[in-house]
Amino acid sequence: STVLDLAKWSRVLDGQTHVLSVDSVKLMVAKEYGLVVDKAFGHRRIHHNGSMAGFYADFCKYPDDQLMIIVLGNNVDFVADYI
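Quick caveat: nothing in here was measured; it's all calculated off a predicted structure.

A.B. asks: Help me understand the overall build of the protein chain in this model?
C.D. replies: Within the protein chain, the secondary structure is distributed over two helices and four strands. Listing each helix as α and each strand as β along the protein chain from the N terminus yields α-α-β-β-β-β. Across the 83 residues that make up the protein chain, the buried fraction comes to 27%.

Right under this line is the structure:
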């Protein structure tokens, strides 16, 4: 993925596109499926990360604050614990 791909994904989660149904998005943010929904720094957060073959990606969204953070790196040792 690219930063722009993940920004488009953020719009899907906001319901700004019709790629997924509202029910599908609700299922993805349910506690036992897909995306992680929790609190960080006292704010609701939706996030997911992953890595492969030397690359790292982290998608983090604070929906109540209209804030999205996307971190892409090419160093497996990089960990984005700060977001």
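A.B. asks: Looking at this model, I keep getting lost on the pairing of strand S3 (residues 55-62). Mind explaining?
C.D. replies: Strand residues, when the strand is regular, have side chains that alternate between the two faces of the sheet. Within S3, six of the eight residues are buried, leaving the element largely enclosed by the surrounding structure. One ladder, built from seven bridges, connects strand S2 (residues 43-52) with S3; its direction is antiparallel. Across the sheet, the residue bridging to Met-52 is Phe-55, located in S3. Where S2 folds back on S3, the antiparallel hairpin that results is connected by two residues, among which Ala-53 adopts a positive phi of roughly 40°. As judged from the seven bridges shared by S3 and strand S4 (residues 67-73), these two strands associate in the antiparallel manner. Considered in S4, the bridge of Tyr-56 is made with Gly-73. Between S3 and S4, which pair antiparallel and follow one another directly, the connecting turn spans four residues, one of which, Gln-66, has a positive phi of 50°.

A.B. asks: Honestly, the side chain of Thr-17 in this entry has me stumped. Any pointers?
C.D. replies: By secondary structure assignment, the location of Thr-17 is in the loop between helix H1 (3-13) and helix H2 (22-28). If sequence neighbours within four positions are ignored, Thr-17 has contacts with Arg-11 and Val-12.

A.B. asks: How should I be thinking about the confidence of the model for the protein chain in this particular structure?
C.D. replies: Note that predicted coordinates carrying low pLDDT should not be read in detail. Per-residue confidence for the protein chain gives a mean pLDDT of 83; residues scoring 70 or more make up 88%. Across the protein chain, the element-wise mean pLDDT spans from 84 in H2 up to 91 in strand S1 (residues 36-40).

A.B. asks: I would appreciate a short explanation of the nonpolar core in the present structure.
C.D. replies: Across soluble globular proteins, nonpolar side chains show a tendency to be buried alongside one another. Leu-6, Leu-13, Val-25, Leu-35, Ile-46, Phe-59 and Ile-70 form the largest nonpolar core, which has seven residues in total. Among residues more than four places away in sequence, those in contact with Val-25 are Val-12, Leu-13 and Leu-20.

Conventions and cut-offs
- Residues numbered from 1 in each chain as written.
- Predicted model: local features only at pLDDT ≥ 70, side-chain atom pairs only at ≥ 80, totals over all residues.
- Heavy atoms only, no water.
- Helix = DSSP H or I, 4+ residues; strand = E, 2+ residues; numbered from the N terminus.
- Buried < 20%, exposed > 50% of the residue type's maximum accessible area, 1.4 Å probe, protein only.
- Pairing = 2+ DSSP bridges.
- Contact = heavy atoms within 4.5 Å.
- pLDDT = per-residue confidence, 0-100.
- Core = buried A, V, L, I, M, F, W, Y, C linked by side-chain atoms within 4.5 Å.

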